[in-house]
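# Close look at the chain arrangement
The chain contents come next:
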Amino acid sequence: MTNPTYQSQNSATNTQNNLSITLPAGIQGGDLILFLKSTRDSTLTPPAGYSTADARTITDLYGGVYYKIAAGTVGSASSDASTTITWTVAATGSGHKNGLACIIIRGVDPAAPINDIQFVAPSTGGTSFTGPSATSTVDDCLVVTGFIDKNSVAPITITAPSGYTKRSEALF
């Protein structure tokens, strides 16, 4: 197994009742299609075929990590590339907002594509936040951190912890 490597990403936000996102071009069979979601006053249901790696509720914030291994032969173009998928939104309050980040990773172990997941959801306002740290327990694996915030102060800045690379952001 090779080290997992970042390939591409896409993100989408809205305040509507469904959220559609187009998967990046260039996805190959065996790639990890990883979604990080953040919603306020709503729940976001992943499409069929995606597994839940983690889902958390913090007051009126909902965060989650969902994934699937791209269809097709490893190293060949996948039928998942450039397709548009829709996530179902169920509003639970009047100010619902939805954000999705889709990240494509190549070279994961399809049997255990994610080793550790950490979220942070600060309870105080502000404009600058540092994401959480996570520690892997195996070599050559993917570690995912996520940050969700309902701060209405704009603009906010999200900074990756030392040693991490920020790959995507979906601010709403």
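Description of the structure in this document.

Thresholds, definitions, all that
- Residues numbered from 1 in each chain as written.
- Predicted model: local features only at pLDDT ≥ 70, side-chain atom pairs only at ≥ 80, totals over all residues.
- Heavy atoms only, no water.
- Helix = DSSP H or I, 4+ residues; strand = E, 2+ residues; numbered from the N terminus.
- Buried < 20%, exposed > 50% of the residue type's maximum accessible area, 1.4 Å probe, protein only.
- Contact = heavy atoms within 4.5 Å.
- Salt bridge = Lys/Arg side-chain N within 4 Å of Asp/Glu carboxyl O.
- Pairing = 2+ DSSP bridges.
- Axes fitted to C-alpha atoms, helices over the stretch in contact; angles between N-to-C directions.
- Core = buried A, V, L, I, M, F, W, Y, C linked by side-chain atoms within 4.5 Å.
- Phe/Tyr/Trp six-rings, centres within 6.5 Å; stacked < 30°, edge-to-face > 60°.
- Polar contact = N/O pair within 3.5 Å; in protein donor to acceptor, adjacent residues only side chain to side chain.

## Section: the overall build of the protein chain
- Scanning the protein chain for helices and strands turns up zero helices and twelve strands.
- Listed by position from the N terminus, the elements making up the protein chain come as β-β-β-β-β-β-β-β-β-β-β-β.
- Looking at the protein chain as a whole, 40% of its 172 residues are labelled buried.
- Taking the contacts inside the protein chain whose residues are at least 6 apart along the sequence as the reference set, 77% of them involve residues at least 24 apart.

## Observations concerning the pattern of salt bridges
- All chains considered together, the criterion is met by two salt bridges.
- A salt bridge links Asp31 to Arg106; the nearest nitrogen and oxygen atoms lie 2.8 Å apart. With a gap of 75 residues between them, Asp31 in the loop between strand E2 (18–22) and strand E3 (32–40) and Arg106 in strand E8 (residues 97–106) connect regions that are remote in the sequence.

## What to know about the sheet that holds strand E6 (residues 61–69)
- With antiparallel pairing, five strands are arranged side by side in an open sheet as E1-E8-E3-E6-E5. At either end of the open sheet lies a strand with only one pairing partner, and these are strand E1 (5–14) and strand E5 (51–58). Taking the axes of each pair of neighbouring strands and ignoring which way they run, one obtains an average angle of 10 degrees across the sheet.

## Some points on the nonpolar core
- Of all hydrophobic cores here, the largest spans 16 residues; its most connected members are Ile21, Leu23, Ile33, Phe35, Ile85, Trp87 and Cys102.
- Contributions of two or more residues to this core are made by E2, E3, strand E7 (84–91) and E8.
- Those residues in contact with Leu23 that lie beyond four places of it in its chain are Ile33, Phe35, Tyr50, Asp80, Ser82, Thr83, Ile85 and Cys102.
- Core analysis: the second largest hydrophobic core is formed by nine residues, Leu32, Val65, Ile105 and Ile117 among them.

## Some points on the packing of aromatic side chains
- Summed over the entire model, instances satisfying the criterion amount to four aromatic pairs.
- Plain terms: the ring middles of Phe35 and Tyr50 are 5.5 Å apart, the flat faces sit at 65 degrees to each other, and that makes the pair edge-to-face. Separated by 15 residues along the polypeptide, Phe35 in strand E3 and Tyr50 in the loop between strand E4 (42–45) and E5 bring together distant segments of the chain. Neither Phe35 nor Tyr50 differs from the other in exposure class; each is buried.
- For the ring pair Tyr66 and Trp87, a centre distance of 5.5 Å and an interplane angle of 75 degrees mean the geometry is edge-to-face. Placement of Tyr66 in strand E6 and of Trp87 in strand E7 is noted, with a sequence separation of 21 residues between them.
- Members of the aromatic cluster, connected to one another through ring pairs, are Phe35, Tyr50, Tyr66 and Trp87.

## Overview of the pairing of E6
- With seven of nine residues buried, E6 is to be regarded as a mostly interior element.
- Where E3 meets E6, nine bridges bridge the pair, whose relative direction is antiparallel. Paired with Ile33 across the strands is Lys68, a residue of E6.
- Note: E5 against E6, seven bridges, orientation antiparallel. Of the residues in E6, the one forming a bridge with Asp54 is Val65.
- Between the end of E5 and the start of E6, which pair antiparallel, lie two residues, with Thr59 showing a positive phi angle near 60 degrees.

## Describing unusual backbone geometry
- Look at Ser82: it is not a glycine, yet its phi comes out positive at around 65 degrees.
- Examined against the element boundaries, Ser82 turns out to sit in the loop between E6 and E7.
- Note on Ser82: relative accessible area 42%, which makes it partly exposed.

## Digging into the side chain of Lys68
- Along the chain, the position of Lys68 falls in strand E6.
- Here the side chain of Lys68 touches Asp80 through a polar contact of 3.1 Å, side chain to side chain.
- Not counting chain neighbours up to four residues away, the residues in contact with Lys68 comprise Asp31, Leu32, Ile33, Gly49, Tyr50 and Asp80.

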